[in-house]
Amino acid sequence: MTSTGMASAGVPAEARADGRADVLIVGAGPTGLTLACTLARAGAAVRIIDKSPAFHRTSRGKGLNQRSRELFHDLGVEQRAAAFGTEHIALRKYRDGVAIADHVAFGDRVPTPDAPYASGLLIPQWRTEQVLRERLAEYGTEVERGCELTGFTQDGDGVVATLADGRRIAAAYLVGCDGGHSPVRKALGVSFEGKTDAEECMVIGDVRADGLDPAYWHQWFDEDAAIMLCPFRGSSHWQLQGAPERDAEGRAVPPSLESFQRLFDRCARIPGVRLSDPTWFSTYRINVRMADRFRAGRVFLAGDAAHVHSIAGGLGMNTGIQDAFNLGWKLALVVRGLAGPGLLDTYEEERLPVAAWTLDLTNERLRAVLEGVREAGVGTEAVVTDDVTTLGVGYGWGALAWGGPKAGERAPDAPCRDASTGEDIRLFDVFAGPEFTLLGVGPGSAKALAEAGEKCAGLLTTRLVDDHEGHVRRGYGLDGDGLVLVRPDNHVALSAGVDRGAEVLDRLLRLGR
């Protein structure tokens, strides 16, 4: 099968006639899994490999922000993730062992017609990955474990990857989702400019902390020490973050259960709580770097392989998920022959500036929290601004912003009705799937919808909506009847009057060509 052949949804790559995948993904973290789900849902032949022989069970990146929750809704996994997660957790702040303030991040927010998730979701990373793996398996694709990439070659027709055991995998495209030390990025010779602090600034791990109230994310910030313990729904383990112990020469002491306990006793001063059953230890140092390009020929970089930054604001995993969602629909349309390869140029065009913005934002948020916690009663809520929701991230500068109100911006949700059935619907349910969506608002749009649906079959879903409460027109800046073309990643491509259906058709039929 060629890279432009049509694939049937859910068929694993190994089942294709010539054994070649459309896309090979290296790395099965949240970025790689999101990309794999996006591709497999669209019918692309995808393989995803990871060098680890077993799936980890560590908390690591522990939160989905509001925008990632919207994308998980599109993939059909948001409710599964929510079943393991916590919204609006209270941060309890202590000074000198005494609880002095509670704060709920986004506690004053409620779901609105355009933004259904009022808060992020606190969930350990291993659960997020589990949810995505289960979804991927429903499409007939499993993560291939214990598969270490040692090299690859590429030409105008595809990529051939070599594994440590000598096996080779042929694919039309390869995507490195293999972390900050990315072998894919290094093999490409792509620079990773920035800086890494010489000193560890934090120890981190997963431990039991029986006796602490799991209704709170406990945060002790004293003048010369700090420790935080974050609970997870349905789990007996907490994520511990703290200032590292120092030896006589001032060097950070490697984390251990004993050092965690000493730090806890020093800050929390709760004699009855003993930490136990550690399942993960790590250290963290601030690492702020970005690749100078996200693509080299048929090979792409996403997530930490393309950019790393401060953990302030919790944007690392979320930015990777959103990279993957942006890239996934574009690769899917190209390998299925529904768009030209020029569409793939827009991935770097759109996501590289977002990565640069994220590095700047997290640097500023880290400064804010380090300054904020000097004041008694202030904790990690100091990082929280509307920016960290990433609901405001858009691509108005890009080649796929084709005009009209909101072009390039996130497409908001809205309750409305299906004009043909009278059924109550929400736009996020209409958008869900691998195709563009052409919304017709008002009866004057019906003709344009019919023509577009006929001529762009497989590329486009059309829906005539009854905006009886006005949420759609307000959300999309329409004065009357109109057309709104929404990309598969739920960003507005074009909004226009009902007489511009021909432009919609022209744009779609020439997509990437």
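Visitor: Sorry, what's going on with the sheet that holds strand 20 (residues 307–308) here?
Guide: Hydrogen bonds between backbone groups are what pair the strands of a sheet, and the pairing can be parallel or antiparallel. Here three strands make up an open sheet; going across it, the order is 11-17-20 and the pairing antiparallel. The two strands at the open ends of the sheet, each matched to only one other strand, are strand 11 (192–196) and strand 20. Note: strand 17 (residues 287–291) against strand 20, two bridges, orientation antiparallel. Of the residues in strand 20, the one forming a bridge with Arg289 is Val308. Across the sheet, helix 8 (residues 345–372) touches strand 17 and strand 20, and the angle it forms with strand 17 is around 170 degrees.

Visitor: Is there a simple way to think about empty space enclosed by the protein in this case?
Guide: Gaps left between atoms show up when a probe the size of a water molecule is rolled over them. Using the criterion set out here, one finds two cavities of 30 Å³ or more in the structure. Within this model, the largest cavity holds a volume of roughly 90 Å³. If you go around the largest cavity, the residues you meet are Arg67, Leu71, Gln322, Phe325, Asn326, Arg351, Thr390, Val393, Tyr395, Asp489 and His491. At the level of secondary structure, the elements contributing two or more residues to the lining of the largest cavity comprise helix 2 (66–75) and helix 7 (316–335). Ranked by residues supplied to the lining of the largest cavity, first place goes to helix 7 with three residues. A class-by-class count of the residues in the lining of the largest cavity yields four nonpolar, four polar and three charged. In this structure, the second largest cavity encloses a volume near 30 Å³. Surrounding the second largest cavity, Val203, Ala243, Pro244, Glu245, Val253, Ser259, Phe260 and Leu263 form its lining. Looking at the lining of the second largest cavity, its residues break down into six nonpolar, one polar and one charged.

Visitor: Just checking my understanding: could you explain the sheet that holds strand 4 (residues 90–95) for this structure?
Guide: With respect to topology, seven strands assemble into an open sheet ordered 5-4-13-14-15-12-16, the strand pairing being mixed. Both edges of this open sheet fall to strand 5 (98–104) and strand 16 (276–284), since each of them pairs with a single strand only. Between one strand axis and the next, the sheet turns through 20 degrees on average, direction left out of account. With four bridges connecting them, strand 14 (residues 226–230) and strand 15 (residues 237–242) associate as antiparallel partners. Paired with Cys230 across the bridge in strand 15 is Gln239.

Visitor: In this structure, what is going on with helix 6 (residues 257–267)? I would like to understand it.
Guide: An α-helix turns once every 3.6 residues. As a result, residues three or four positions apart point the same way. Here helix 6 has its buried residues at Ser259, Phe260, Gln261, Leu263, Phe264 and Cys267. Those residues of helix 6 that are buried lie in contact with strand 12 (202–208), strand 13 (216–221), strand 14, strand 15 and strand 16. Of the residues one or two after helix 6, Arg269 is the one with positive phi, at around 60 degrees.

Visitor: Sorry, what's going on with the nonpolar core here?
Guide: Counting residues in hydrophobic clusters, the biggest one holds 116 residues, and the most contacted among them are Phe436 and Leu485. Here the element with the most residues in this core is helix 7; it accounts for eleven residues. The contact partners of Leu485, leaving out residues within four places of it in the chain, are Trp402, Phe436, Thr437, Leu438, Leu460, His491, Val492, Ala493, Leu494, Val504 and Leu508. If you look at the next biggest cluster of nonpolar residues, it comprises 18 residues, including Val207, Leu212, Trp238 and Leu240.

Visitor: Would you mind showing me how to read the packing of helix 7 against helix 8 here?
Guide: The relative placement of two packed helices is expressed as an angle between their axes plus a distance between the axes. Look at helix 7 against helix 8: their axes get within 10 Å of each other, and the N-to-C directions meet at 170 degrees. In this view, helix 7 runs roughly antiparallel relative to helix 8, as classed from their interaxial angle. Contact residues: helix 7 offers Thr319, Gln322, Asp323, Asn326, Leu327 and Lys330, while helix 8 offers Thr346, Tyr347, Glu350, Arg351 and Thr358. Among the residues forming the contact of helix 7 with helix 8, the class breakdown is two nonpolar, five polar and four charged.

Visitor: Quick question: what am I supposed to make of the environment of Arg47 here?
Guide: The residue Arg47 is located in strand 2 (residues 46–49) in this model. On the basis of relative accessibility, which here comes to 11%, the residue Arg47 falls in the buried class. For the pair Arg47 and Leu174, spaced 127 residues apart in sequence, the C-alpha separation works out to 9.6 Å.

Rules used throughout
- Throughout, residues of each chain are indexed from 1 in the direction in which the sequence is written.
- Residue-level local features of this predicted model are given only where pLDDT is at least 70; pairs of side-chain atoms are given and counted only at 80 or more, and the full residue set underlies all totals for whole chains, interfaces and linings.
- To get the side-chain values, all heavy atoms of the structure are used, and hydrogens and water are removed first.
- Strand pairing follows a simple DSSP-based rule, namely that at least 2 bridges must link the two strands.
- Secondary structure elements are defined from DSSP: runs of H or I of at least 4 residues count as helices, runs of E of at least 2 residues count as strands, and each element is numbered from the N terminus.
- Any two residues having at least one pair of non-hydrogen atoms within 4.5 Å are treated as being in contact.
- Here an axis means a line fitted to C-alpha atoms, over the contact stretch when the element is a helix, while the angle between two N-to-C directions is reported on a 0 to 180 degree scale.
- Definitions used throughout: a 1 Å grid over protein atoms alone; a cavity as a set of points that fits a 1.4 Å probe which cannot get out; a pocket as an open set with protein on both sides within 12 Å along at least five of seven lines; a lining residue as one with an atom within 4 Å of a point.
- Grid points are joined across faces, edges and corners, and a volume is the space filled by probe spheres set on the points.
- Lys, Arg, Asp and Glu make up the charged group, whereas Ala, Val, Leu, Ile, Met, Phe, Trp, Tyr, Cys and Pro make up the nonpolar group; the residues left over, Gly among them, are polar.
- Think of it in three bands: with a 1.4 Å probe and only protein chains considered, a residue is buried below 20% of the maximum accessible area for its type, exposed above 50%, and partly exposed in between.
- As used in this record, nonpolar core signifies buried Ala, Val, Leu, Ile, Met, Phe, Trp, Tyr and Cys residues forming a set joined through side-chain atoms within 4.5 Å.
- Convention used here: angles under 35 degrees read as roughly parallel, angles over 145 as roughly antiparallel, angles from 65 to 115 as roughly perpendicular, and any remaining angle as oblique.

Note that every value here comes from positions in space, so none of it alone points to a role or purpose.
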